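Structure assessment
Chain by chain, the residues run as shown.
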Amino acid sequence: AFLLILAMPPKAKKEAKPKTQPEGATKFGPMPESYLKKQKTVAALNAKLAAKASVDAKKRKQTRSEITKRAAKYHKEYKSTAANLVRMRREAKSYGNFFVEDEPKVLLVVRIRGINAVEPRTTKILQLLRLRQIHNAVFLRCNKATLNMLRLVAPYVTYGSPNLKTVKDLVYKRGFGKVNKQRIPITDNSVVESVLGKKSLICVEDVIHEIFTCGDNFKEANNFLWPFKLSSPLGGLNKKRISFIEGGDYGNRETKINAFVRKMI
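All of the points below concern the structure found in this document. Counting from 1, residues in each chain are numbered in the order their sequence is written. Where local features are concerned, this predicted model is filtered to residues with pLDDT of at least 70; where side-chain atom pairs are given and counted, the filter is 80 or more; whole-chain, interface and lining totals use all residues. No hydrogens and no water enter the side-chain calculation; it runs on all heavy atoms of the structure.

Looking at the pattern of salt bridges
Which entries qualify depends on this criterion: Definition used for salt bridges: Asp or Glu carboxyl oxygen within 4 Å of a side-chain nitrogen of Lys or Arg. Numbering of helices and strands starts at the N terminus; helices are DSSP runs of H or I of at least 4 residues and strands are runs of E of at least 2. Exposure classes here rest on a 1.4 Å probe applied to the protein chains alone. A residue is buried below 20% of its type maximum, exposed above 50%, and partly exposed in between.
Scanning all chains against the criterion turns up 8 salt bridges. The salt bridge partner of R87 is E91, with a shortest N-O separation of 2.9 Å. A residue pair is termed a helical-turn pair when its members lie 3 or 4 positions apart in one helix, as R87 and E91 do in helix 1 (residues 33-94) at 4 residues. Residue R87 is classed as partly exposed on the basis of its relative accessible area, which comes to 39%. For E91, a relative accessible area of 39% gives the class partly exposed.

Have a look at this one:
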């Protein structure tokens, strides 16, 4: 007898279906609900921070562009003023006349004496002028009240009209701002904008322009600047108990205050 063996086709293997896990589950089990909430909160916070960073970047770009335009405008204004002054001097000379410049609008006052044997009234005036320490320097608006106060404390201070270079050197090299009643170094334009932004002063060049030209916001810009703390003058003082016009140091130096302060920066 013959045994008939039929070749049977091999059985097809069943494809393994991927195991589906519930949302937030791992191979070790479902995630805690608190962890899922934290993930959503962090994702929302990151999206909010990213949007804020994008807006801030655009704002910074616009601010930089505006600062560049203002600096160029101020430079053009300073150059035009200087050229106009030279022109008027030459015209007066050509006609055989004398050219008399305008009275200074801003004074730079430096304290050159300490606190020993100072009478109470002088001490109070020096405090009002924010000259509490020796070698402190401040800008003042030149008017009758200021000049009367300076006459009363003349033996303790020397003053004069600063030029543009002196104002820039003081602000850039020795400038500190008053932020929340604290003495903060002016290392960035944002320090100025955070305090004086409401007065449309957003950069250091704005502050310098207001001080030098005695603009409408001179009071705010000057109060923002902390009194400058200068070094002892290079080469020392001559005689601080004698007035400048007699060969000493105290009193009005007019434009020669620039060379004096340059030795103290």
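Section: the nonpolar core
Rule in force here: Residues belong to a common nonpolar core when they are buried Ala, Val, Leu, Ile, Met, Phe, Trp, Tyr or Cys residues joined through side-chain atoms within 4.5 Å. For this analysis, residues touch if any pair of their heavy atoms sits within 4.5 Å.
By size, the foremost hydrophobic cluster in this structure holds 32 residues, and its most contacted members are F139, I211, F224, L225, F228 and V261. Among the elements of the structure, helix 1, strand 3 (106-111), strand 4 (136-141), helix 4 (164-174), helix 5 (189-196), helix 6 (204-213), helix 7 (218-224) and helix 8 (257-262) are those that each provide at least two residues to this core. Each residue touching L225, except ones within four places of it in the same chain, is listed here: R130, V171, F176, I186, V207 and I211.

Focus: unusual backbone geometry
Phi angles above zero are rare outside glycine, and R130 is one such case at about 65 degrees. The phi angle at K181 is positive, at roughly 65 degrees, despite the residue not being glycine. Here K181 shows up in the loop between strand 6 (176-179) and strand 7 (182-185).

A short note on the environment of A71
One can find A71 in helix 1. Given a relative accessible area of 29%, A71 falls into the partly exposed group. For the pair A71 and E205, spaced 134 residues apart in sequence, the C-alpha separation works out to 6.3 Å.

Comments concerning the sheet that holds strand 5 (residues 157-160)
Where we set the bar: By this definition, two strands are paired if DSSP reports at least two bridges between them.
Read across the sheet, 5 strands follow the order 8-4-3-5-9 without closing on themselves; strand pairing throughout is mixed. Two strands close off the open sheet at either side, each with one partner strand: strand 8 (228-229) and strand 9 (251-254). Where strand 5 and strand 9 come together, 3 bridges link them in parallel fashion. For T158, the partnering residue across the bridge sits in strand 9 and is G251.

Re helix 5
Rules: Note that the arc is computed from the directions linking the helix axis to the C-beta atoms.
When we look at burial in helix 5, the residues that qualify are V191, V192 and L196. Viewed along the axis of helix 5, the buried residues span an arc of 100 degrees, placing them on a single side of the element. Of the surrounding elements, those touching the buried residues of helix 5 are strand 6, strand 7, helix 6 and helix 7.

Focus: the environment of R64
If you trace the backbone, R64 turns up in helix 1. Owing to a relative accessible area of 51%, R64 belongs among the exposed residues under this scheme.

As for the packing of helix 1 against helix 6
Filter applied, for reference: What counts as an axis is a line fitted to C-alpha atoms, over the stretch in contact for a helix, and the angles between N-to-C directions run from 0 to 180 degrees. We call two directions roughly parallel when the angle between them is under 35 degrees, roughly antiparallel when it is over 145, roughly perpendicular when it lies between 65 and 115, and oblique otherwise. Put simply, a crossing is left-handed when the front helix is turned counterclockwise from the back one by less than a right angle, and right-handed when it is turned clockwise. All residues other than Ala, Val, Leu, Ile, Met, Phe, Trp, Tyr, Cys, Pro, Asp, Glu, Lys and Arg, Gly among them, are scored as polar; the first ten of these are nonpolar and the last four charged.
Where helix 1 meets helix 6, the axes come as close as 10 Å, and the angle between the chain directions of the two elements is 25 degrees. For the element pair helix 1 / helix 6, the angle class is roughly parallel. Handedness of the crossing formed by helix 1 with helix 6: left-handed. Where helix 1 approaches helix 6, its residues R70, A71, Y74, E77 and Y78 are matched on the opposing element by E205, D206, I208, H209, F212 and T213. Residues of the contact of helix 1 with helix 6, tallied by class, amount to 5 nonpolar, 2 polar and 4 charged.

Notes on the side chain of T158
Applied cut-off: Under the rule applied, a polar contact is a pair of N or O atoms within 3.5 Å (in protein, one hydrogen donor and one hydrogen acceptor; residues adjacent in sequence only if both atoms are side-chain atoms).
Here T158 shows up in strand 5. By relative accessible area, T158 is classed as buried at 0%. Polar side-chain contacts of T158 include one of 3.0 Å to the backbone oxygen of G251. The residues contacting T158, other than those within four sequence positions of it, are L108, V109, V110, I112, D249, Y250, G251, R253, I257 and F260.

By themselves, these are just geometric observations and shouldn't be taken as functional.
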